[in-house]
Protein chains: 2
Amino acid sequence: MRQTQSHQSVQAALLKRIHSGEWSPGMFIPGEVELALEFGCSRTTVNRALRQLAENGIVERKRKRGTRVTPMPVARATLEIPIIRKEVEDRGSEYRHSVVLKEIKKAPASVTARMQLKDKKLLHIQTLHLSDGAPYMFEDRWVNVEETPGIENAPFDEISPNEWLVQEVPYSDGDISFYASSANKELADFLEIKEGAPLFIIERTTRMNDVAITSLKMAYTEGFKMTSKL
Amino acid sequence: MRQTQSHQSVQAALLKRIHSGEWSPGMFIPGEVELALEFGCSRTTVNRALRQLAENGIVERKRKRGTRVTPMPVARATLEIPIIRKEVEDRGSEYRHSVVLKEIKKAPASVTARMQLKDKKLLHIQTLHLSDGAPYMFEDRWVNVEETPGIENAPFDEISPNEWLVQEVPYSDGDISFYASSANKELADFLEIKEGAPLFIIERTTRMNDVAITSLKMAYTEGFKMTSKL
DNA sequence: TTGACTTTTATGTGTATACATAACAGCATA
DNA sequence: TATGCTGTTATGTATACACATAAAAGTCAA
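In this report, the structure presented in the accompanying data block is examined.

The rules behind the values
Residues numbered from 1 in each chain as written. Chains lettered and ligands numbered in written order. Predicted model: local features only at pLDDT ≥ 70, side-chain atom pairs only at ≥ 80, totals over all residues. Heavy atoms only, no water. Least-squares fit on C-alpha atoms with pLDDT ≥ 70 in both. Contact = heavy atoms within 4.5 Å. Buried area = accessible area lost by both parts, 1.4 Å probe. Salt bridge = Lys/Arg side-chain N within 4 Å of Asp/Glu carboxyl O. Polar contact = N/O pair within 3.5 Å; in protein donor to acceptor, adjacent residues only side chain to side chain. Helix = DSSP H or I, 4+ residues; strand = E, 2+ residues; numbered from the N terminus. Axes fitted to C-alpha atoms, helices over the stretch in contact; angles between N-to-C directions. Parallel < 35°, antiparallel > 145°, perpendicular 65-115°, else oblique. Left-handed = near helix turned anticlockwise from the far one by under 90°. Nonpolar A, V, L, I, M, F, W, Y, C, P; charged D, E, K, R; others polar.

### Some remarks on the relation of the copies chain B and chain A
Alright, step 1. By a simple turn and slide, chain B fits onto chain A: the slide is 0.1 Å along the axis, the RMSD is 0.1 Å, and the turn is 180°. Given the turn and translation reported, the copies of this chain are related as if by a two-fold rotation axis.
Alright, step 2. The residues that chain B uses at the interface reappear at the interface of chain A in 100% of cases, marking a shared surface.

This is the structure we're talking about:
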């Protein structure tokens, strides 16, 4: 029998059994061949459905052992980190930015540790991002100049360093972390908030083949919220 | 020619071209048939490689139009939100929790709005989670009792509401958000921090077929950091 | 010129088949 | 007993083929 979208319906059927508790966490589920027979489709189709469930962390698969419902399901949220300008404009606000500092300098230890670049002079850029004229986010960025040709002449009054890098410099991997912190004097001044006010911090380092390209710290004022579906 | 892992190598080859700038953002790349010919593999294999790239947001695909490198790539971070006990124990600390409040009550407007359950009495549970005896996170949870049979008799002195729900109550979807806030008097007392100290807040609502199961707010003290790969 | 129809094209998906590979079980040999 | 060599099994992956489908491009008649 040839159906369309059948891997999706198979996946839905499997999910239903898991969600209903018919297959409980930790339990091994029937093999691909058996399921293919039951659903009246090919093993390929079942395989795809199961593969997708495994990608989403719903089931765990191992050769020979079989497939089982993940015993302790970890909730996963996929966050999308858009370009700042888009983030602001999508909310219907006007975006502006201003580069408040641009220097070539030896980075402090905390930055060199993250980037694993010792004793190199890095480009240090601080940018204030504004939404409808009000301070929205403060960005403190360090850039490995050797890996980003052209950055010295980039027109940062027109395009933000954020956007320029995303468009001009490819990266292969990186890491990101989120935490809460309180504003120090400098940040408080820039963001026009009280010293000690809570900030949402995103720290991000991107690399190309294990060589750090840029590392940055973004400080969002209270009111910023990051949302995602589970 | 039959190779193993070839969809991975094809994907790697495609990624390389994108990262190297040979194919720049917004550009349409050759069709599946053409690529299959070039790589000496079947269209199926190219399809799978491209499908995975599309899932990761690297390329955009549309029937008939073709495949193009995502013009404005949005960085995506997949966060894993583990069970609190695991989170603490994985860091080598001893986990304990204590339920500080358990009542059946009409929820305040902010909660009913999130859960879209009006005028229902909900179970309200507040739990303090401890790491090596020190306050780690404060959880404020509202539960739709009708959808969670057995919760009234659950042994919350042994197992945390968090863990009990994950294991006993299946859910189909939900949403989650992250933001920074400052501690009010009550939270400051529980978490043994100063009033006004920054907190990392995770708000989460889970649903089963569009019916809210539980909605909770988790407040982490400063020092908590959520990390992920890009 | 406009609007309805047809063709073309690139991706989307399903089937049958084959071989690859990891891990386990059981047997046999030193 | 320990160790190495078989199968065996379930998933992992590649291939050739066929049909589905959305969207663009082309065609033609009112």
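### Focus: the interface of chain B and chain A
Alright, step 1. Residue-level contacts link 50 residues of chain B with 50 residues of chain A.
Alright, step 2. With both sides pooled, the region where chain B packs onto chain A buries about 4400 Å², and carbon together with sulfur makes up 60% of that total.
Alright, step 3. Looking at the side of chain B facing chain A, the largest losses of area belong to His19(B), Met72(B) and Leu230(B), adding up to 15% of the total buried there.
Alright, step 4. On the surface where chain B and chain A come into contact, there are 4 salt bridges.
Alright, step 5. One salt bridge in this structure joins Glu80(B) and Arg76(A), with 3.2 Å as the shortest N-O distance.
Alright, step 6. Our count for the chain B to chain A interface comes out at 8 residue pairs in polar contact (both at pLDDT 80 or more).
Alright, step 7. Listing elements by their share of the side of chain B that touches chain A, those giving two or more residues are helix H3 (43-55), strand S4 (75-81), helix H4 (84-90), helix H6 (161-168), strand S8 (173-182), strand S9 (198-208) and strand S11 (225-229) of chain B.

### Observations regarding the packing of helix H1 (residues 6-20) of chain A against helix H3 (residues 43-55) of chain A
All names here are of chain A.
Alright, step 1. Running from N to C, H1 and H3 point in directions that differ by 55°, and their axes come no closer than 8 Å. As judged from the angle between their axes, H1 and H3 are oblique. In the packing of H1 onto H3, the handedness of the crossing is right-handed. Where H1 abuts H3, its residues Ser-6, His-7, Val-10, Gln-11, Leu-14 and Leu-15 lie against Thr-45, Arg-48, Ala-49, Leu-50, Gln-52 and Leu-53.
Alright, step 2. Grouping the constituent residues of the contact of H1 with H3 by class yields 6 nonpolar, 5 polar and 1 charged.

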